[in-house]
Amino acid sequence: MIVLYIILALLFLVLIALFIDVSLVVSISQNTEFKIRYLFFSWDIEALVEKFAKGDDEKEEAVEKEKKTKKSHRSIDEIIAVIEKITELIKAVLKEFCRYVRLKICHVFVRVATEDAAKTARCYAAVSGVVFGLVALFDNTMSVKKSDKKIKVFPDFTTEESEFSMKIILKIKPIHALFAVMHLLPLFMNRKVGRKNEQ
């Protein structure tokens, strides 16, 4: 009976764990950070990739040098490119997960500035369209927690240096992730079969 109670207790703990949120924290400012949080634990995705990726000390030293020499400000073209890449990445990943995922927008801060006032105005229009279009897309596809006061996109005609920072948190319960993966597996299998038939 004791063994049975232990097994039931373990199954109960596993069941509880499946309903506790797993969070993906995306933070972008001078550096980009991706962290996974579960209960009291936190893992840096970049550190995990570096740990398991094949490489040597020279590559690690090059990465460190790059971090030290990285500019504290991004150009407006880099900001637009980063936002577009994030948009495409999130669309691809959340296409099947969006009904299970909850999004919290902690803050989005974009200061648009260039050497020319007319270019600043054009870039501001483009950036604000992308940012608020992305927020509207999330509002229509998943549960979003946000404060409009913490989403700021504005032009700055007094400087030539743009600035971009963002922090968002994506949350999903493991049980829902399993459901989504089970739903995705047939799609991936069908794609692989289709590719083999084409070959």
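Mapped onto the fold, leucine 39 is located in the loop between β2 (32–38) and β3 (41–44). Here leucine 39 falls in the partly exposed class, since its relative accessible area comes to 49%. Sequence-wise, leucine 39 and serine 23 are 16 residues apart; in three dimensions their C-alpha atoms are separated by 9.3 Å.

This part is about the nonpolar core. Core analysis: the biggest nonpolar cluster contains 31 residues, and Val110, Val127, Val131, Phe164 and Met166 have the highest contact counts within it. Ranked by residue count, the leading element in this core is helix α5 (residues 117–141), at six residues. The contact partners of methionine 166, leaving out residues within four places of it in the chain, are Val26, Ser27, Ile28, Ile86, His107 and Val108.

Let's shift gears to the packing of aromatic side chains. Per the counting criterion, the structure on display carries two aromatic pairs. Ring geometry for phenylalanine 41 versus tryptophan 43: centroids 6.0 Å apart, planes at 20°, classification stacked. Residues phenylalanine 109 and phenylalanine 154 carry aromatic rings whose centres are separated by 5.5 Å and whose planes lie at 65° to one another, so their mutual orientation is edge-to-face. Of the two residues, phenylalanine 109 sits in strand β4 (residues 102–112) while phenylalanine 154 sits in strand β6 (residues 151–155), which places them 45 residues apart along the sequence.

Scoring rules and cut-offs
Residues numbered from 1 in each chain as written. Predicted model: local features only at pLDDT ≥ 70, side-chain atom pairs only at ≥ 80, totals over all residues. Heavy atoms only, no water. Helix = DSSP H or I, 4+ residues; strand = E, 2+ residues; numbered from the N terminus. Buried < 20%, exposed > 50% of the residue type's maximum accessible area, 1.4 Å probe, protein only. Core = buried A, V, L, I, M, F, W, Y, C linked by side-chain atoms within 4.5 Å. Contact = heavy atoms within 4.5 Å. Phe/Tyr/Trp six-rings, centres within 6.5 Å; stacked < 30°, edge-to-face > 60°.

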